[in-house]
Amino acid sequence: MYGKLYLCATPIGNLEDITLRALRTLREVDLIAAEDTRNSMKLLNYFEIKVPLTSYHEFNKIEKAYQLVKILREGKNIALITDAGTPGISDPGEDLVQICCKEGIEVVSLPGAAACITALTVSGLSTRRFAFEAFLPRDKKERGIIMDQLKEETRTIILYEAPHRLVHTLEELRQVFGGERKISVCRELTKMHEQVLRHSVEEVIAYYQKQQPRGEYVLVIEGKSHEDIVKENRKAWMMMDLEEHMAYYEAQGIGRKDAMKMVAKDRGVSKRDVYRELLD
């Protein structure tokens, strides 16, 4: 009769955003594992929760995970909370969940606040498809690889960033996406000084050159548009000689007439224009 691990989402700012289910669970479990016990103690004291607290963070996540599993095997229930938001999203809770799953411990997620989803919904950008990257890697080489991948991303992109690195990251985004790409910069979500800037990357950089960044940031960036993809492809085709372009399709067994149609579409011109140029 093993105990259960409960992933309890906590507010990302406004304390009223915690759910009744999360409060009941935090009061009923035998132990609460927190990313920062000092920070979490403020929340627990506010709601008068007296359950024992233990630390679980990036620097003890593997060793401590097995200690917690031992407690769970004894039939005791544990709640995992992060500094803010949903455990397991861009925090060491991910490792504890994986270990519990391997050890046959039941994991129950109590839904609640998440900064990435909150930012996405107020961004004004497409919410149908999105890619969550959290914090970009510090390592320059690894960061470059991720940026190259994001350059071709057609989904809406969500990043986290600290205030002291915000301008540098925005400048990197300008290099990768161009200054005209739409972006929503969400600051201090659900808190008293919540702010959402919906502009181009260039305009946001100009704003923060005059305004010192403060607070916690979520960046929501427009994905690469279909129009941009068509323009890039057309530019690449136009670099190719027309006969060479025709030969590309004919080599695939496509008839000359159909190949002319495809070449015309690639180049954004009429089939008649292709025919005339081939005659010339």
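Now for a quick tour of the structure. Only a predicted model underlies this, so the values are computations on that prediction, with no experimental measurement involved.

Further remarks concern the packing of aromatic side chains. What describes a pair of aromatic rings is the distance from one ring centre to the other and the angle between the planes of the rings. Within the structure shown, the criterion is met by five aromatic pairs. Centre to centre, the rings of phenylalanine 132 and tyrosine 160 are 5.2 Å apart; their planes meet at 70 degrees, and the pair counts as edge-to-face. With phenylalanine 132 in strand S6 (residues 130–135) and tyrosine 160 in strand S7 (residues 156–161), the pair connects residues that are 28 residues apart, well separated along the chain. In this structure phenylalanine 132 comes out as partly exposed when scored by relative accessible area, which is 29%. For tyrosine 160, a relative accessible area of 12% translates into the label buried.

What follows deals with the packing of helix H9 (residues 226–238) against helix H11 (residues 256–267). The N-to-C vectors of H9 and H11 enclose an angle of 120 degrees; their axes lie 8 Å apart at closest approach. With respect to H11, the axis of H9 lies oblique. Residues Arg234, Trp237 and Met238 of H9 form the contact with H11, whose own contacting residues are Lys265, Asp266 and Arg267.

With parallel pairing, the five strands of this open sheet are ordered in space as S3-S2-S4-S1-S5. Bordering the open sheet on either side are strand S3 (53–55) and strand S5 (106–110), each of which pairs with just one other strand. Each strand of the sheet is rotated relative to its neighbour by a mean of 25 degrees, with strand direction disregarded. Examined bridge by bridge, strand S1 (residues 4–8) and strand S4 (residues 78–81) share three bridges and lie parallel to one another. Paired with tyrosine 6 across the strands is alanine 79, a residue of S4. On the sheet, helix H1 (residues 20–28) packs against S1, strand S2 (31–34), S4 and S5 and is oriented at approximately 135 degrees with respect to S5.

Before going further, it helps to examine the sheet that holds strand S10 (residues 217–221). With mixed pairing, the five strands of this open sheet are ordered in space as S6-S7-S10-S8-S9. Every interior strand has two partners, whereas the edge strands, S6 and strand S9 (195–200), have only one. Averaged over all pairs of adjacent strands, the angle between their axes in this sheet comes to 15 degrees, without regard to strand direction. Relative to S10, strand S8 (residues 182–187) runs antiparallel, the two being bridged by five bridges. Each residue of the ladder has a partner; that of arginine 187, found in S10, is tyrosine 217.

Counting across every chain of the model gives 15 salt bridges. One salt bridge connects lysine 191 with glutamate 188, and the closest N-O pair in it is separated by 3.6 Å. Judged by its relative accessible area of 30%, lysine 191 falls in the partly exposed class. Among the charged side chains, a network of salt bridges with common partners joins Glu58, Lys61 and Asp95.

What follows deals with empty space enclosed by the protein. Applying the stated criterion to the full structure yields one cavity of 30 Å³ or more. Each pocket or cavity is described by its volume, and for the largest cavity that value is around 40 Å³. Every residue along the wall of the largest cavity is listed here: Glu35, Tyr56, Leu80, Ile81, Thr82, Asp91, Pro92 and Gly93. Residues belonging to the lining of the largest cavity are distributed by class as follows: four nonpolar, two polar and two charged.

Turning our eyes to something else, we now look at helix H3 (residues 61–73). For an α-helix, 3.6 residues make a turn, and residues three or four places apart therefore share a direction. Its 13 residues give H3 an end-to-end C-alpha distance of 18 Å, which sits within 8% of 18 Å, the value for a rise of 1.5 Å per residue. Residues Lys61, Lys64, Ala65, Leu68, Val69 and Leu72 constitute the buried set of H3. All buried residues of H3 lie within an arc of 150 degrees about the axis, which places them on one face of the element. Exposed side chains of H3 directed beyond 90 degrees from the buried face belong to Glu63 and Lys70. For H3, the secondary structure elements touched by its buried residues are S1, S2, S3, S4 and helix H4 (93–102).

What counts and how
Residues numbered from 1 in each chain as written. Predicted model: local features only at pLDDT ≥ 70, side-chain atom pairs only at ≥ 80, totals over all residues. Heavy atoms only, no water. Phe/Tyr/Trp six-rings, centres within 6.5 Å; stacked < 30°, edge-to-face > 60°. Helix = DSSP H or I, 4+ residues; strand = E, 2+ residues; numbered from the N terminus. Buried < 20%, exposed > 50% of the residue type's maximum accessible area, 1.4 Å probe, protein only. Axes fitted to C-alpha atoms, helices over the stretch in contact; angles between N-to-C directions. Parallel < 35°, antiparallel > 145°, perpendicular 65-115°, else oblique. Contact = heavy atoms within 4.5 Å. Pairing = 2+ DSSP bridges. Salt bridge = Lys/Arg side-chain N within 4 Å of Asp/Glu carboxyl O. 1 Å grid on protein atoms, 1.4 Å probe; cavity = no way out; pocket = protein on both sides within 12 Å on 5 of 7 lines; lining within 4 Å. Points joined across faces, edges and corners; volume = space filled by probe spheres on them. Nonpolar A, V, L, I, M, F, W, Y, C, P; charged D, E, K, R; others polar. Expected span 1.5 Å × (residues − 1). Arc of directions from axis to C-beta.

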